[in-house]
Structures are given as C-alpha cells and as structure tokens.
Amino acid sequence: MRREQAPALALSGFDERSVFRSIFSAHPDAMLLVDAAGNIVLSNPAAESLLGYSADQFARMSVDELVPDAIRPRHAAYREAYGKSPRPRPMGTQMDLVARRGDGSEVVVEIALSPLQDHGLPFVVASIRDVGSYPRVRQALQRARYSDRLAQLGRLAVDERDMHVLVEQACRLAVEALDVHSAVVCELAPGGREFVIAGGHALLAEQQVGLRLASEPTTLPGYLVTHPQTILLPDYRLEQRFALPAHLLEAGFVSGVAAPLVDRGRVFGTLTIHARASTRFGEDETRFVESLCSLLATCLQRGRTEEALSHSQRLETVGQLTGGIAHDFNNLLTVIKGNLQIIEDSPGPTPVGDVRPMLASAGRATHRAAELTAKLLAFSRRQMLQPESIDLRGMLDSLADMLRRTVDQRVRIEVDCPPGCPAVYADPVQLESAMLNVAINARDAMPEGGRIRIGAHNYPAGGEVRRDMVRLSIRDTGQGIEPELLEKVFEPFFTTKGVGTGTGLGLSQVYGFVRSSGGEVKIESVVGRGTTVFLMFPRSSQSLPRDAMESGRERRAEH
C-alpha cells in the first residue's frame, strides 16, 4: 500500500521570508548567521541573552571574537578549513567548547553548524547551547562545587589551629556553595544549659560571637539536640516546631536548613544556614550540609582536644614554677605578717605616726599579691568579666592622656581612631588594663624615647573587612623582639626584663582576657624597628556617645 505524502506547508497569505526569520528569532537556542569570512550577519535574541551582546554589536563582530584569546588562532584555522569543506555538525558530537561573553566571562557551550551552501546561500548557521542549562549537567556541576568546598575545608583543617577561623571559613564555604546569605555555628556551653555563638558568615548584629542562647527544645538549637538530624526550613513564617527569633524575619530571611554537630552520638553544636529567598534544599544540598557538619565537628573536637592538652601543659608549667610563685608569695606575706605582728606586740597605744608606714607597707604587699593572683586567673581565663559596649575613641583618648602624664617625655603618644569607629563588646576595666599593660611594655622597649601609636579600626581579614570584629593596636618604635622569642611572649612567667622588674604574667594576662572575650591576639615585631600588638574584639551591636565611656569610668572610680 503506497504511503501518502504529507501535504506541503501552506504559506498562502504570508511572506515566506518573514515566517522563517520569525522562526530564527523565536528559536530557544542561541543562533548566529555567519558568512564565509566569519562575520556575523544576523543574531537572534537567545544569542544576545547568552553571550551578552546586542544585535548591533553582533552585526559589527567576527565570530572569532567570541572565542577566548588563548585558542583564537586555532579557531581561525579551523574555521578556514571548515569553509573549504562545509558539512552539518549536530549537537553532542564534539567536545565542549568555550565562548567568551561580552563582560569577559566564559561559558561552556555546545555548537551545531548548519551550512546553507546547498541552498544557494553563502552562510553557516551556528546554534549555540549553554551546557550548564542541561539539568543533568547542572546537577553535576553543583555536586562538583559541593565537593570542591568540602575539599577546601579539609585542606584548611590540616593547617589551621584557630577554631574561630575554621568556623568562619566553614560558614563562608557553605554560603558560597549553596548560594544563600548567612550561616552561623553554635556550640553548647559547659553544662549544656546554653548555646554560645562560635562564629559564622554574614552574621547579624544580634548574632555576635560569644552571645549566649537558650537551649530549650522550643528554640532551633535546642530542637536539634532532641532531634539530631538535618531539618529543612522551607518557610520561616510557617514554622511550628520551634520559635524562630524575630530578627531573622526582620532581616528578610525566608528559608533555611539546620543540622547538628555530633561527636560520638552526642550533639555539641549546630550549623544553621539562612536564605532570603524560598530556596529548595534537595537531596544533594542536604548531603553537602551533613558532610560539612561531619567534617566541622571533627575539626572542632580536635580543637577541643588540643585546647585541653594546651591547658594541661599550662598547668604543668605552673606546677614546675610553683616554687618560684610560693617564694614570691612568701616574701609578700612575710612583710604583711611582720608589720601586723609589730602592731600587735606594741605595748599600749601606738603613736599614729609609727603605725601608718607599717600599715601602708602591708597594704602595698597585699595589693601586689592580689595583682599576681589576678594575672594567674586571667591567663587561665577564669576571671569574671562584665562586658558592655565601649566607645573606643573616649577610652583611647583617656588612656593616651594617662600615659603622657606617666611616661618619659621623650616618648610621643599618638591616637589613631577614625570617626565612626564602631564600639566593642568587652569588660571596660579589663580592656583598659590590658591596653595599659601592653603600652607599658612598649614604653619599656624604648629607654631612649620613641613613639607609641594606639589605634582602632575595623578588622581586615583576607583583604576584606570583618564587620563583626574591631582591631585595636599598640605600635612602638622600640628595640623589637627576636623571632625565636616572639612565640613565647604570651607564655606565663616568660619575660625579657631583668630579675625583679617583672613577673612575666603581663602579656599572658592580656592573652587570657582577650580570648575570654571572644577575641584574638596577634603580635608582629622587627628587631630594631619596633613591635605591634593587635587585640581583636567583637563589635558591639550598639553605638555609644563619645562621652559615655568617660562618664562610665568616672562612676567606677567613685566606687
């Protein structure tokens, strides 16, 4: 039986050229009409969208301009060879190619070629398709991106010993990989009654590092303790399992995902990721978050183990030097006991003029004993802190005035605190004491005079500004510290001063206070050129008037 042919397309009443030009324009793939010399004659809207050029720009371009510079000569040679023997080339038969967009970026594409010479036209139609638009390819690229971010965290974990940096970088990698807006890590405080924000990326003002959160099951972190598995949060406004803080909704967060940090079956922390769009977290995303949490949990537990070992080593150091400490305290207590014994053994009323010097001597010795005890407590991070928002400009100006009255006139004191420098969240008394401690060390390093420059700025990290931290600095032009000694300056009882001129606990006290406040300490020094000590503190969520710090200090002085 003979098969009937399909009727020809009826174009009566239409201009055939207009119909085919409309098909060219409406085609979903990017299409370019190219002449024998490689000049672009015609482009469709899909090409303009994919490659980032307008129709007028395409009309003045050669197809060679769409090829990256490194492979342009090879492409020109290939085009010339193809022009001598044109043939159809469908999609999927060649290796992926790279096209350069108008903004300089590159996109991996497939290209089909359709020569029109057999139809009497000296042109070739190039159909271009973004490989990344294929669902399977897009999924593979996403999985590759997730694997790359996990590998980055793994490489960082090998060398990085600062857990604050590791947490921050893990959150940054999560935000970049998932194309979301914020991530935060919380850890259970000792006792398990509270969570503490350990770090994050793009944190809100209400999410300061060191902030304590309730651990009840009605909160997100508390819920993860009782339900230790990854949970999806498709719509914050409809969440019924626990209460989400109002500041998340006020900041525009709409959806997210959260997962526990687990060690040997016990939840000790959480990772929460926030998005300002209705983000769909599928199986691949969930697996990535769980892998990230597993790796981060391992790193944090390693850090805890190392911290415990470090603490043990500090205790061992203190134990080895117990004799020296006991000797110092014995001398102090001998002075106190001796003076008080004289007063007690004096027959009858003692003239006031004779008692006062002895009482003053006993008081000074008692004060020194208390200072030594405070320094030991500070280094072991056991002192009670009362943090509050501190205006740095006011504090630094007051500190500079105090130093100018007490140091050698050959030492010039300068303050570098730009207008608008954010306040920090720390114990004001301990912060002033720490700054003074470092400044006195700087003074002692310049017996012939020099300059001490005290500054405060946003903390630059990796070329960017960490908006959750403020960096204080004390820079001197003194003798500097030898590289082999620089690593020991924060160790307890280490000092470069002469016998009887220092306890070696000054910088260890500073170190303990800063770390207890959720901050960091760094030191840089060049022999013969000077030393700089950097103290990084969490930024306060509120700003203070300039005189707030001074008035607060006056009130404390009155008490």
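This is a predicted model, so every value here is computed, not measured.

What counts and what doesn't
Residues numbered from 1 in each chain as written. Predicted model: local features only at pLDDT ≥ 70, side-chain atom pairs only at ≥ 80, totals over all residues. Heavy atoms only, no water. Helix = DSSP H or I, 4+ residues; strand = E, 2+ residues; numbered from the N terminus. Buried < 20%, exposed > 50% of the residue type's maximum accessible area, 1.4 Å probe, protein only. Contact = heavy atoms within 4.5 Å. Areas by Shrake-Rupley, 256 points an atom, 1.4 Å probe, with all protein chains shown as cover. Pairing = 2+ DSSP bridges. Axes fitted to C-alpha atoms, helices over the stretch in contact; angles between N-to-C directions. pLDDT = per-residue confidence, 0-100. Phe/Tyr/Trp six-rings, centres within 6.5 Å; stacked < 30°, edge-to-face > 60°. Salt bridge = Lys/Arg side-chain N within 4 Å of Asp/Glu carboxyl O. Polar contact = N/O pair within 3.5 Å; in protein donor to acceptor, adjacent residues only side chain to side chain. Core = buried A, V, L, I, M, F, W, Y, C linked by side-chain atoms within 4.5 Å. Expected span 1.5 Å × (residues − 1).

Bringing the overall build of the chain into the picture now. Check the secondary structure of the chain and you find 16 helices and 18 strands. Per-residue burial over the chain gives 41% buried out of 559 residues. For the chain, restricting intrachain contacts to residue pairs at least 6 apart in sequence, the fraction spanning at least 24 positions comes to 59%. As displayed, the chain has an accessible area near 31,300 Å², and 53% of this comes from carbon and sulfur atoms.

Let us look at the sheet that holds strand 4 (residues 106-115). One open sheet accounts for 5 strands, arranged 2-1-5-4-3; its pairing is antiparallel. Both edges of this open sheet fall to strand 2 (40-43) and strand 3 (97-100), since each of them pairs with a single strand only. On average, adjacent strands in this sheet sit at an angle of 40° to one another, irrespective of strand direction. Summarising the sheet, strand 4 and strand 5 (residues 123-130) pair through 7 bridges and their orientation is antiparallel. In the sheet register, Val109 faces strand 5, and the bridge partner there is Asp130.

When the pLDDT values of the chain are averaged, the result is 79; 75% of them are 70 or greater. Predicted confidence is poor over residues 1-8, with pLDDT under 50, and the contacts of this stretch with residues over four places away or in other chains come to 0 contacts. Contacts of residues 544-559 to residues separated by more than four positions or lying in other chains number 20 contacts, the stretch itself having pLDDT below 50.

So, about the packing of aromatic side chains. In total, this model carries 5 aromatic pairs according to the counting rule given. Their ring planes at 55° and their centres at 5.5 Å tell us that Tyr53 and Phe58 sit as a pair that is tilted. The same class applies to Tyr53 as to Phe58, namely buried. Taking 4.8 Å as the distance between ring centres and 25° as the angle between the ring planes, the aromatic pair formed by Tyr146 and Phe288 counts as stacked. Linking Tyr146 in helix 5 (residues 135-159) with Phe288 in helix 9 (residues 283-320), this pair joins segments that are 142 residues apart in sequence. Residue Phe288 is classed as buried on the basis of its relative accessible area of 2%.

Our focus in this paragraph is the sheet that holds strand 7 (residues 194-201). Reading across from one edge, 8-7-6-11-10-9 is the order of the 6 strands in this open sheet, with antiparallel pairing throughout. The open sheet is flanked by strand 8 (212-214) and strand 9 (231-233), the only strands paired with a single partner. Each neighbouring strand pair of the sheet contributes to a mean axis angle of 30°, computed without reference to strand direction. Looking at chain direction, strand 9 and strand 10 (residues 255-263) are connected through 3 bridges and run antiparallel. From the neighbouring strand, Ile231 faces strand 10, where its bridge partner is Ala258. Across the sheet, helix 6 (residues 163-178) is in contact with strand 6 (182-188), strand 7 and strand 11 (266-275); its angle to strand 7 comes to roughly 60°.

Per the counting criterion, the structure on display carries 22 salt bridges. Notably, a salt bridge pairs Arg79 with Asp64, separated by 3.1 Å at the nearest N-O pair. Of this pair, Arg79 sits in helix 4 (residues 72-84) while Asp64 sits in the loop between helix 3 (55-59) and helix 4, and the two are 15 residues apart along the sequence. As far as the burial class goes, Arg79 and Asp64 line up, both buried. Put simply, Arg143, Glu283, Asp284 and Arg287 are held in one network by salt bridges that share partners.

Further remarks concern unusual backbone geometry. Although it is not a glycine, Ala202 adopts a positive phi angle of roughly 55°. Inspection of the secondary structure assignment puts Ala202 in the loop between strand 7 and strand 8. Judged by relative accessible area, Ala202 falls into the partly exposed class, the value being 43%. Positive phi, normally seen in glycine, also occurs at Arg264, with a value near 50°. Its relative accessible area of 79% is what places Arg264 among the exposed residues.

What follows is about the side chain of Asp427. Residue position: Asp427 is located in the loop between strand 14 (424-426) and helix 13 (428-444). For Asp427, a relative accessible area of 7% gives the class buried. A polar side-chain atom of Asp427 sits 2.8 Å from the main-chain amide nitrogen of Gln386. Here the side chain of Asp427 touches Gln430 through a polar contact of 3.2 Å, landing on its backbone nitrogen.

On to the nonpolar core, then. If you look at the biggest cluster of nonpolar residues, it comprises 40 residues, and the most contacted ones within it are Leu392, Leu431, Met435, Ile452, Leu472, Leu535 and Phe537. Ignoring anything within four residues of it in the chain, the contact list for Leu472 reads Leu392, Leu431, Met435, Gly455, Ala456, Val533, Phe534, Leu535 and Phe537. One finds Cys171, Ala198, Phe268 and Ile273 within the second-largest nonpolar core, a separate group that totals 33 residues.

The first and last C-alpha atoms of helix 12 (residues 392-406) sit 21 Å apart over 15 residues, in line with the 21 Å expected at 1.5 Å per residue. N-cap assignment for helix 12: the residue whose side-chain oxygen lies 3.0 Å from the backbone N of Gly394 is Asp391.

Inspection of the secondary structure puts Ser525 in strand 17 (residues 520-526). A distance of 2.7 Å separates the side chain of Ser525 from the backbone nitrogen of Ile481, its partner in a polar contact. A polar contact of 3.3 Å, which involves the side chain of Ser525, links it to the backbone oxygen of Gly530.

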